[in-house]
Structures are given as structure tokens and as C-alpha cells.
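# Geometric and topological summary
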Amino acid sequence: MEVFQYVLRKLLAGIPLVLGVTLISFVLIVYFGPDKTYELLGKNPTADEIAEIRSQLGYDQPFVTRYMDYLREIVTLDFGSSESTDEKVSSILARTVPTSIALAIPGFVLGNLLGVVLALVAAYYRGFWVDKFIMGFAAVGMSISFLIAIIGFQILFSSSDGLDLLPVRGWDMSTPLQYIRYVTVPTLATVFVALGYNTRFYRAVIVEEMTRDHVRTARAFGVPPVQLFYRNILKNSMIPIVTRIMFSIPVIVISGSLLLESYFGIPGVGKVTYDAIVTGDQPILKAVVVLTAVLFVIAQLLADICYRVVDPRVSLK
Amino acid sequence: MASTENNALLSVRDLVVEFETDQGVLRAVDGVSFDIHPGETLGLVGESGCGKTVTGLSMLGLVPSPPGRIASGSIMFDGSDLVSMDETGLREIRGSQISMIFQEPMTALNPVFRIGSQMRDVLQRHQKLTRRQAHSTAIEMLAKVGIPEPAGRVDDYPHQLSGGMRQRVMIAMALSCGPKLLVADEPTTALDVTTQAQVLEQVVRLQKEFGMAMILITHDLGVVAETCQQAVVMYCGRIVERSSIEALFASPRHPYTAGLLASIPRVTDERQEVLPVIPGMVPDLLHLPQGCAFAERCSRVRDRCRQKSPRLELLQSTQTSVACYEPNA
Ligand SMILES: Nc1ncnc2c1ncn2[C@@H]1O[C@H](COP(=O)(O)OP(=O)(O)O)[C@@H](O)[C@H]1O
Ligand code: SF4
Ligand SMILES: [Mg+2]
């Protein structure tokens, strides 16, 4: 019950953020966005024709009215149709969002899970060769750009110069096997790069936790190493780790899927957005911007609830 | 205090603890020796940084390593040497035979577990109690250290308790398995003055009740006077004076001890006079002068003091050992 009220309160508190984003996107994309009047008119239009088209497009309405129309579109999830394909935006999203999620999740989960595991091992053997090896690997992942990693893995797995095992572009998740064939290479590239950053960060967090007073106390009471690692070090490290994971969600969704989808020719939201930016497809851009803001609010909410789970000092009040 | 006595509970001999630092090897504890008998209280005194905590941690094999290590010496406890004992053996002893409580009550407990869970863990591990037995023992122990409503408090998280209460929880946890030796590292320093007195009183009362020996680490000689039978005064990692409390307060032999005593405010004094402080600064452990480390601050310093460090020697016809060429009469 307490959690339910909290979620409700947080969602309400997220409304101003979403409103702010809609206002900005309205001003930039719609109000001062491309003017379609002359696209729709023939040569040498008369002043009357211009005025008529403008009124059809709603351009003659005052700012507030137009903004309200825009908000109504958002609330009813009716974003209109794509200007280039005429497909309804809602059906475009229904088609592409699941693809993007299926593409992003394996890399996201593995990148964090492996990051924590490798960081634990490195922290435990800190200063020894295991630590140096892991951190060297992380440094490579961190210094190689995402693009290079993508191209490298494509050559390795999907070209005649490499193993030539997996498809280089495209997407199919009609069967689990097909899904694995298509998701593997993008996932490897994501994990490789994500591990670089994650491992370093998580190792620093864990090493710091290892030097805390409560760890010394636990040892002074004979706590064996495995329990010390789990109850004292890992459980306390989860607080900064959860923070990082939660804040990385929107970044992954936006930048990760944009790059991955365009380089692997995968028809996800990222690809659609990229194309919409290139062609100036307003209805799609409006939808994506607003949905991203909503995603931020939800990620924030999830983060707060996760904090409560890992840290009893945080109250949901 | 003779080193040949073998009925001591704990015998520390020539303990040397070193830290590997960027600027070289730092010797935090240098040749420390003392004995504690069952039920006895020994005060370990000295200014901040003189090696008290490191000495205390050595008793549980807890010198942070790396960078630290016990370079030499022995710590005989109940017939076995803790210095050469392996981790498994030490884990059996930690919290059951020898317990330690720390200076920082605010951070010493695990913030993400209830205090009851942390206390039960110790009891279930060392005493092989069931969860239910451990729970009721935990509540009993909380009651013993003066925590009101222990049955409710046992389910609190550390952050729900004040510093004084947290230190009581630490004490309850430390005593829960009936250890033979308690190492109390400045247990009241971080608390406010009224709480300090209450917590200290509690420790001393429980120590008598449990018949434990205790090493009470403090920088406050006044506390030592009230609670200890013996005192060891440290300076720059070395023992400068070791004696019974009566002898120490009646006639401090080492100029440093004398200086510390002179700087304790006395309630019996009619006027509040300006207390003398020992002039000068504690030398850097990485760059100790040749000879006596106290020489720069000592009013009795002679030429030979600067040539070779004085050894800790038993003064004739007394029970006091002192490391000084020119001890007070
Ligand atoms: N982890 C450590 N690394 C390096 N030096 C340390 C460490 N712990 C303690 N020391 C050094 O050992 C000396 C004694 O410290 P400590 O025993 O904590 O002093 P005290 O408890 O008497 O205030 C100090 O000079 C300190 O710099
Ligand atoms: S040995 Fe010399 S310098 Fe050191 S305390 Fe004694 S008199 Fe002072
Ligand atoms: Mg200390």
C-alpha cells in the first residue's frame, strides 16, 4: 500500500517534467518547425489559398491553442501518420518498440551482470595479475569507440574474412534460434564496450566498500569471506550500482539503439527516429520525444523503488 | 609483569607492525610487549597516531593487509601464537574468544541489516545456536547493555539508533559469546560527554560480571585511572612506560607520562589554572630521529638520548618499566 501511494505520488511528480519536455518539443519541432504551407500549394498561390491552407494546418491559431492540440494528441496517443509512409505512428511504434527492446535487453543485462562479476573478482584479487588482466581488458573496451567495436565484431563473425557464421544485417525474431542469430553480434559489441566502463566503475565502488568500518567489524566477529562479500560488500555496493544502472537506461535506449539499429539495419525505434530526423517527419519525432520523457520518469521511479529495496535508510515517504 | 610469567591470558612479545607506504616502510608498532591476566584491565594510552589501534587490531590478526603486516613478534593467547595462526583459526577466535569494539559507532555496523540479524549471525556462528535461541540471547544482551525495549529495538536498523545506542549494540555483540578478552578501542571518544560516562560505566560493570580481561585503548589518562589496573604508555609506536596504575599516577617515571599527567584537568583544583601542555610536535613516523623519539620535546634531554633509543627496562626496586635514560625519581 505504501509502495502504491509512493508510485502514484512519483508519477504525479513526473508530470511537470513531461509537460516541460512537451513544451520544449512543441516550440522546437512544431511552432518553429518546418512550415508545410508551400509544400501543399501549387505554383503562384494566391493570398486566399495560402490563408486557407494555413487555417487547415491550424497555423492561424494562437500559440496556446496549438499547444493544447498538441497535448491532446499526446494524451490520446494519437500522433497522426508518418509524413513519408502514411503509416499511423501508433502502429509504427507497436511494430518497432518490441524489436528495440529485444535488441537492447541482452546487452544491457549482460553488460551489467558481467560488469559486477568481473569487478568483484578484480576487487577481490586487487593488485594481483587477475585484477590487472581484467582492468586491462576494461581499458581496451573503454578506449575503443562503439563504432569500431561494431565493425570489428561484424568482421569477426559475419564476414568471409572471419568466422562467417552470423548474418551481418537485418532482424528476425520469429523463432528463438533466429533471434539469437541476429542479436548476438550487436550484443557482443554492446557488452564489450559497456564492460569497459561498468567494470571500472563497479570495481571502484566495491574496493571502497571493502575498506569501510563495518567490513572491519564483520571480520572482527569472525565473518567468513563469502558471507563478508555478500552481506557487507555486495549488498552495500548495490546502492551506487543501482543508481548507475538506472541512469544508463535512457542513454542506452536513445544512443545505443540509434547506432546499433542503423549499423545493423534493424527496424527498431532508433532506426525509425533516425530516418524521421533525416526526412523531418514531424509526427514521429513528436511521439519519440514525448515517449523518451515518459521513459525518464519511469526509470527515475524504478530507481527510487530499487533504492528502497537495497538501502533501508531510504524511506518512500 | 615479569616476562617469564606463564599464567597470563595474553602475552605480547616484541610486536612489530609495519606499513608499506609510498614514502617507505612505516613502523607503526615497534617492539611492544605486555601481559594481561584473566579478568585484568590494561590501559593503552598515548596521543593519536602512536599505534594504539594497530596494536589492538594485531590482537585479532586484523592489521589491514596490504599495506600492513606483523613483521615480527609473538602474541600468545591461551597457549597458541596468534601471529602464526592461519585465517581459519583466527576466525574461530574473533568475536568468541577475543572481541573488539571500535571508536566509530556511527559507521561500525552494517547499515543494510537489522541489528538483530547482525547479532544473531555472531551467536549462530560461534555458539551454534538456533535462530530462535540466538534471537532471544540477542535481546537479553541488548537489555544487559541498557537498551530500553530491547525486544523492539532488535529489529531496528543501525541508522535508527543514536551513537550511544549503537555503541551499546556493539558492546552487546562483543560480549554475546562470552569472550575472555575484550579490546575496546576508544569506545567512548566519539560520544558526547554524558553518554561517554554511561557507556564506560556499562563496559566496566559488564567486564566484571563476565570476568573478562580488557585492553582499554584511550588517549585519556583520567579514564585509565578510573578503570584499569595496569597502564602501557606508547609514543611513536613504542612503549615508553609500563606500570601499575598506582605507581603511574603516584610517580610517573617517563618525562612523556609526566607531561600527559600534568595536562589532565583536576576537579579538586580550586581555581581553573592554565594546564601545561607538552611543547613541540609528535615526529613523523617515517622520519623518526635517531635516538629517543621524545628528545625534541623533552626537558631532560641529554646528548646520549639523541644517539641511541633507550630500551624499556624494569626500574630497580619497582614494578615499573620505563624507556628513558633520565627517568624521574
Ligand atoms: N592502513 C594504514 N596504512 C598506512 N598507515 C597506517 C594504516 N593504519 C595505520 N597507519 C599508521 O600507523 C600509525 C598508528 O596508527 P593508529 O594505530 O591508528 O594510531 P592511534 O590509534 O594510536 O591513534 C599512524 O601513524 C598511521 O599513519
Ligand atoms: S631518553 Fe632522554 S630524551 Fe628520551 S625521554 Fe628520557 S630523558 Fe627525555
Ligand atoms: Mg586509534
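The structure reproduced in this document is the subject of the present report. Quick caveat: nothing in here was measured; it's all calculated off a predicted structure. (Residues numbered from 1 in each chain as written. Chains lettered and ligands numbered in written order. Predicted model: local features only at pLDDT ≥ 70, side-chain atom pairs only at ≥ 80, totals over all residues. Heavy atoms only, no water.)

### A few points about the site of ligand 1
Residue and element names in this part refer to chain B. The condition is simple: The nearness test applies per residue and asks whether one of its heavy atoms lies within 4 Å of the molecule or strand. Pairs of N or O atoms are called polar contacts if they sit within 3.5 Å, as long as, within protein, a hydrogen donor faces a hydrogen acceptor (for residues adjacent in sequence, only side-chain-to-side-chain pairs). Working definition of accessibility: Shrake-Rupley area with a 1.4 Å probe, residue cover restricted to the visible protein chains. Helical segments are the DSSP runs of H or I of at least four residues, strand segments are the runs of E of at least two, and each set is numbered from the N terminus. Polar here means any residue outside two lists: the nonpolar Ala, Val, Leu, Ile, Met, Phe, Trp, Tyr, Cys and Pro, and the charged Asp, Glu, Lys and Arg; Gly therefore counts as polar.
Taken together, 14 residues form the shell around ligand 1, and within it G49, G51, K52, T53 and V54 come nearest. Within the backbone of G49, one N or O atom sits 2.6 Å away from an oxygen atom of ligand 1. A distance of 3.3 Å separates an oxygen atom of ligand 1 from a polar backbone atom of C50. Computed on the free molecule, ligand 1 has an accessible area of 560 Å², of which 69% lies beneath the protein chains in the complex. Contributing elements (two or more residues each) for the shell around ligand 1: β2 (24-36) and α1 (52-58). For the shell around ligand 1, the element with the most residues is α1, which contributes three residues. Of the residues that constitute the shell around ligand 1, the class distribution is eight nonpolar, four polar and two charged.

### Looking at the sheet that holds strand β12 (residues 321-322) of chain B
Residue and element names in this part refer to chain B. Filter applied, for reference: By the convention used here, strands pair only if DSSP detects at least 2 bridges between them. The contact definition used throughout considers only heavy atoms, calling two residues in contact when any of these lie within 4.5 Å. Only the stretch in contact is used when fitting a helix axis, every axis being a line fitted to C-alpha atoms; angles between N-to-C directions are given from 0 to 180 degrees.
Taken together, eight strands build an open sheet; the order of strands is β6-β7-β8-β3-β9-β10-β12-β11 and the sheet is mixed. This sheet does not close on itself; its edge strands, each paired only once, are β6 (98-101) and β11 (313-314). With two bridges joining them, β11 and β12 adopt antiparallel strand pairing. Across the sheet, residue E313 finds its bridge partner in β12, namely V322. Against the sheet, helix α10 (residues 255-262) makes contact with β9 (230-235) and β10 (238-244), and its axis sits at roughly 105° relative to β9, the strand it touches most.

### Focus: the pairing of strand β7 (residues 181-185) of chain B
Residues and elements named next belong to chain B. Under the convention used in this document: Think of it in three bands: with a 1.4 Å probe and only protein chains considered, a residue is buried below 20% of the maximum accessible area for its type, exposed above 50%, and partly exposed in between.
A large share of β7 lies buried, amounting to five of its five residues. The alternating pattern of β7 places L181, V183 and D185 on one face and L182 and A184 on the opposite face, and all of these are buried. As paired strands, β6 and β7 are joined by four bridges and run parallel to one another. Residue I101 lies in a different strand from β7, and its bridge partner there is A184.

### Details of the nonpolar core
Short version of the rule: Only buried residues count toward a nonpolar core, which is a set of Ala, Val, Leu, Ile, Met, Phe, Trp, Tyr and Cys residues joined through side-chain atoms within 4.5 Å.
Residues B:L10, B:F34, B:M59, B:L181, B:V183 and B:I215 are the most contacted members of the largest nonpolar core, which totals 97 residues. Excluding anything up to four places from it in sequence, B:L181 contacts B:L9, B:L10, B:I36, B:F77, B:Q97, B:I98, B:S99, B:A213, B:M214 and B:I215. Ranked by size, the runner-up nonpolar core spans 19 residues in total, among them A:F26, A:L71, A:I74 and A:A287.

### Quick word on the interface of chain B and chain A
Definition in use: Accessible area that two parts lose when put together, with a 1.4 Å probe and added across both, is what the buried area reports. Counted as salt bridges are all cases of a side-chain nitrogen of Lys or Arg within 4 Å of a carboxyl oxygen of Asp or Glu.
Counting residues at the interface gives 30 residues for chain B and 20 residues for chain A. Between chain B and chain A, the buried area comes to about 2200 Å², and carbon and sulfur atoms account for 57% of it. Taken together, the connections running from chain B to chain A amount to two salt bridges. For the salt bridge of B:E87 with A:R219, the shortest nitrogen-to-oxygen distance reads 3.9 Å. In this structure, the connection of chain B to chain A is made through twelve residue pairs in polar contact (both at pLDDT 80 or more). Elements with a minimum of two residues in the side of chain B that touches chain A: α1, α2 (87-93), β6, α3 (115-126) and α6 (163-175) of chain B. Among the elements that line the side of chain B that touches chain A, the one with the most residues is α3(B), at six residues.

### Digging into the sheet that holds strand β5 (residues 80-81) of chain B
Residues and elements named next belong to chain B. The strand order across the open sheet built from four strands is β2-β1-β4-β5, with neighbouring strands paired in antiparallel fashion. Where the open sheet ends on each side, the last strands, each with one partner, are β2 and β5. In this sheet, strand β4 (residues 68-77) lies alongside strand β1 (residues 10-21) in antiparallel orientation, the contact comprising eight bridges. Each residue of the ladder has a partner; that of V16, found in β4, is S72.

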